[in-house]
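# Descriptive structure summary
Listed below are the residues making up each chain.
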Amino acid sequence: MKKLSIILLAAALFPLVAKSAFALTGDEILKRAEEAMNAPQDRTVTEKMVLIKADGSEKERTIRFYQKGNDKRLVVFLSPADIKGVGFLSLSKDRMYLYLPAFRKVRRIASHIKNEDFMGTDFSYENMAETKYTADYLAILQQAQDSALEKEDPNQYILELKPRPGVDVSYSRQRMWVDKETFIPAKTEYFSPGGKLVKVLTYENIEKVDGYWFPMKMTMETVKTEHRTVLEVLEIKHDSGLADNFFTERNLKRQAR
Amino acid sequence: MIKIIKSLVYPVILSNVIFLFFAVEIRSEGVEMNGFLEIDKRFDINKGVSNGDTYGKLKLEAKANLSPDIFSLISLEFRYYDFPVLETLPSEGEVESNYPVDLRLGEAYIELDQFIWDNLDLKLGKQRIAWGAADEFNPTDNLNPDDFTDSLDFGAKVPTLALKGDYYLGDYTITGVWLPFFEPILLPRGGALSLLGQVPDRIELPAKTLDKGMFALKISGMAFNLDYSLSYFKGFDDIPVEFDNSDGLEMSFPAMQVVGFDFAGEFRSLGFWGEMAMFFPEEVKSGTDVMLSNDSYLKHTFGVDYTFKNGIYLETQYVHGFFTERGRGNLHDYLIVSVDRKFLNDDLKLSLGGALEVKDIRGNIQDSYGTGLFPEISYRPTDNVELTLGAFLSDGKKGTLFGSWKDWDQVYFKMKVNF
């Protein structure tokens, strides 16, 4: 009888023990999200970029975006004519270059620009550059703090991201919704140093392409102006063998021509 | 020898032109045509608004990726000036004088990437080779002559015929340039006096021989998160100097060598850069008078930039030696500050630039300074269209650059359409 009681007690407690043993912490979820976004060896995406004002008027651009790992990024504008050929290369947080074809010159740009809008879009230079969430932020799982959130949205983790001590980033905190199955973020809210919500990034149409999950549509909205930038994937390629020396000034000029 | 060079180089440019325009006909999807039309009205505010000049510029650029490793580009620039002031109806022979126009070839080159070796890129033809890390004031940028034809197109250079090779070796790039012919500065219409101080009766160009060809070498690299380059140039100064006044004023272009160093980096998110060039000119005499000493002199530029949290961008540069200045003891000092702020997702940009010039920083500054002020508003009502309203205001003591421009204060309005 005593043995049976122990077995029943163990069986009753197992789900709780198992849940705590297998539950992911906020930092682990953030790491998984970072890995999911940077999963391929490399990625080449041609995207339609639509800038939408609060009154509904639109401007359209086409860009080609190359990424390798979580730090190398190269972006080239393919249209319209007045910014065609403008190129941006990011090799790390403090090593970025801009190519302006009218001057035939690559110019190094310092990281003070990171919080600025990238070429008039709602994405900042920091958004377009490296994706190193875990190096910059500590994540707290919100459902662990408030179990009611789990019932509200059982399919997503909600993370509160705070900058790591001593790290210089543009936002005082971020709130990120991460899909429990794909670990691709579904939405991110960005807060200013004063604590105000300044931007909202939503990820939609998450599809598996070449074995990697990727949002085929992303929308960044600036809350104050209600201006939005929508990125829609036109063409996407993975693991095409982009070498490290693809992400150089030499190739920035070459891709921009 | 000159015939041999011409026989090698001119066909390249000619074949470029023929190929690109032929390609437009046969394979329009492979050739891209771009360009812009810019029209601006400039009001000389010292003389009243009725003296406004109109400048028009049409640039056409055709480019083609002939293969993943071969690229070719050609650009043509067409300019016209002013509205004609007619007293009678012009006849055909008077059209040019009443409606002055310029048509010039901009760039015309072929790029051969991974030429023989994966790490070697070649570029042959008329091209702009921009060197230096500073913003617009680049004392190491001596391969293309200055283009002063448009006073508002500050820092413009004339593309010149060159063979350029870049060899990539890890974090290092070795660049070699050979410019077979010398090409002089381009002056504004009727602007020789204002820039040279005198109008030459004749100029003597360097001989078009192999030994008078110009060449340059540059090694670029990165260390401690700092981009830097070391450069050497052997050629000619693009601004002439008097060398004979016995039978009219004759000017020539002094030979010079330039050793340069530039760098760019950031410190705690503050961008900084610097550029130094040591000039070694040949001595030029007019009779017994030394017009240009062979003493070496150093031009340099140092700058910082920063974007504040509210989006205001600030750039400050200290410049020792303007484009037109040369010779030890003749270089003025300039502090240039510009502030700009963008609004409406970059559609609206407000800029304010200011400059303080000191002719003799060790002497009496109160009698040797000049100032400039350059406010500008630009607005993009839609993609590919830009409207700009600005002013160029200057003042200064006698002998200063800004003092020499003080009668040319301008307010301008520009409209640019890209296609």
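Note that the structure is a prediction, hence the values are computed from the model and not measured.

## Things to note about the overall build of chain A
Helix and strand counts for chain A stand at seven helices and 13 strands. Burial status across chain A gives 52% buried among its 257 residues. Carbon and sulfur atoms provide 53% of the accessible area of chain A, an area that totals close to 12200 Å².

## A closer look at the packing of aromatic side chains
As enumerated under the stated definition, the model contains 32 aromatic pairs over all chains in all. Their ring planes at 40 degrees and their centres at 6.0 Å tell us that B:Phe154 and B:Phe322 sit as a pair that is tilted. Here B:Phe154 is found in the loop between β5 (120–127) and β6 (160–169), whereas its partner B:Phe322 is found in the loop between β18 (313–320) and β19 (333–343), with 168 residues between them in sequence. For B:Phe154, a relative accessible area of 34% corresponds to the partly exposed category. Judged by relative accessible area, which is 6%, B:Phe322 ranks as buried. Ring geometry for B:Phe322 against B:Trp405: centres 6.0 Å apart, planes inclined by 75 degrees, an arrangement best described as edge-to-face. Pair noted here: B:Phe322 is in the loop between β18 and β19 and B:Trp405 is in the loop between α4 (401–404) and β23 (410–418), with a separation of 83 residues, a long-range link. Summarising the burial analysis for this pair, B:Phe322 and B:Trp405 share the class buried. A cation over a ring is seen here: A:Lys180 above A:Tyr157, with NZ or CZ 5.2 Å from the ring centre. The aromatic ring of B:Phe181 is capped on one face by B:Lys208, whose charged end is 5.3 Å from the ring centroid.

## Considerations on helix α2 (residues 26–37) of chain A
All names here are of chain A. If you check α2, its first and last C-alpha atoms are 17 Å apart, about what 12 residues at 1.5 Å a residue would give, namely 16 Å. Among the residues of α2, Gly26, Ile29, Leu30, Ala33, Glu34, Ala36 and Met37 are the ones counted as buried. The buried residues of α2 occupy an angular sector of 160 degrees when the element is viewed end-on, so they sit on one face.

## Thoughts on a negative patch on the surface
All names here are of chain A. A cluster of acidic residues, Glu58, Glu60, Glu204 and Glu232, forms a negative patch on the protein surface. In this fold, Glu60 is placed in strand β2 (residues 58–68). Since its relative accessible area comes to 45%, Glu60 is described here as partly exposed.

## Details of the pairing of strand β14 (residues 270–281) of chain B
Residue and element names in this part refer to chain B. Pairing between strand β13 (residues 255–267) and β14: 12 bridges, direction antiparallel. Bridge assignment links Phe261 to a residue of β14, and that residue is Met276. Counting the residues between successive antiparallel strands, the hairpin from β13 to β14 contains two residues, one of them, Arg268, with a positive phi of roughly 50 degrees. Direction of pairing for β14 relative to strand β17 (residues 297–307): antiparallel, over a ladder of nine bridges. Following the sheet pairing, Met278 is matched in β17 by Leu298.

## With respect to the pattern of salt bridges
Scanning the entire structure with this criterion turns up 35 salt bridges over all chains. Across the pair A:Lys114 and A:Asp168 runs a salt bridge whose closest N-O atoms are separated by 3.2 Å. Of this pair, A:Lys114 sits in the loop between β6 (105–109) and α3 (125–128) while A:Asp168 sits in the loop between β8 (156–163) and β9 (173–179), and the two are 54 residues apart along the sequence. In this structure A:Lys114 comes out as buried when scored by relative accessible area, which is 9%. Classification of A:Asp168 as partly exposed rests on a relative accessible area of 41%. In this structure, B:Arg42 engages B:Asp150 in a salt bridge whose closest nitrogen and oxygen atoms are separated by 2.8 Å. With a gap of 108 residues between them, B:Arg42 in strand β1 (residues 31–44) and B:Asp150 in the loop between β5 and β6 connect regions that are remote in the sequence.

## Remarks on the sheet that holds strand β11 (residues 241–244) of chain B
Residues and elements named next belong to chain B. Reading across from one edge, β8-β12-β11 is the order of the three strands in this open sheet, with mixed pairing throughout. Across the chains shown, the open sheet's two edge strands, defined by having one partner strand only, are β8 (202–204) and β11. Across this sheet, the average inter-strand angle for adjacent strands is 40 degrees, counted without regard to direction. In this sheet, strand β12 (residues 250–252) lies alongside β11 in antiparallel orientation, the contact comprising three bridges. When the sheet's bridge partners are listed, Val241 is paired in β12 with Ser252.

## Considering the side chain of B:Glu250
Residue and element names in this part refer to chain B. Note on placement: Glu250 falls in strand β12. With a relative accessible area of 13%, Glu250 lands in the buried category. Excluding its chain neighbours within four sequence positions, the residues that come into contact with Glu250 are Arg202, Glu204, Val241, Glu242, Phe243 and Asp244.

## Looking at helix α7 (residues 249–256) of chain A
For α7(A), the complete set of buried residues consists of A:Arg250, A:Asn251, A:Leu252, A:Arg254 and A:Ala256. Residues of α7(A) that are buried make contact with β3 (72–79), β4 (87–92), β5 (95–100) and β6 of chain A together with β5 and β6 of chain B.

## What to know about the confidence of the model for chain B
Here chain B averages 88 in pLDDT, while 89% of its residues score no lower than 70. Considering only residues more than four positions removed or in separate chains, one finds that residues 22–28 of chain B, a stretch of pLDDT under 50, has six contacts.

## A closer look at the pairing of strand β7 (residues 172–179) of chain B
Residue and element names in this part refer to chain B. What you see with β7 is a clean split: Thr173, Thr175, Val177 and Leu179 sit on the buried side and Tyr172, Ile174, Gly176 and Trp178 on the side with no burial. Taking the residues that link successive antiparallel strands as the turn, the β6-β7 hairpin has two residues, and the phi of Gly170 there is positive, at about 60 degrees. Of the pairings in the sheet, the one linking β7 to strand β9 (residues 214–223) comprises seven bridges and is antiparallel in character. In the sheet register, Ile174 faces β9, and the bridge partner there is Ile219.

Analysis parameters
Residues numbered from 1 in each chain as written. Chains lettered and ligands numbered in written order. Predicted model: local features only at pLDDT ≥ 70, side-chain atom pairs only at ≥ 80, totals over all residues. Heavy atoms only, no water. Helix = DSSP H or I, 4+ residues; strand = E, 2+ residues; numbered from the N terminus. Buried < 20%, exposed > 50% of the residue type's maximum accessible area, 1.4 Å probe, protein only. Areas by Shrake-Rupley, 256 points an atom, 1.4 Å probe, with all protein chains shown as cover. Phe/Tyr/Trp six-rings, centres within 6.5 Å; stacked < 30°, edge-to-face > 60°. Lys NZ or Arg CZ within 6 Å of the ring centre and 35° of its normal. Expected span 1.5 Å × (residues − 1). Arc of directions from axis to C-beta. Patch = residues over 30% accessible without salt bridge, like charges linked within 9 Å, V, L, I, M, F, W, Y side chains within 5 Å. Salt bridge = Lys/Arg side-chain N within 4 Å of Asp/Glu carboxyl O. Lys, Arg positive; Asp, Glu negative; His and termini not counted. Charge placed at Lys NZ, Arg CZ, Asp CG, Glu CD. Pairing = 2+ DSSP bridges. Axes fitted to C-alpha atoms, helices over the stretch in contact; angles between N-to-C directions. Contact = heavy atoms within 4.5 Å. pLDDT = per-residue confidence, 0-100.

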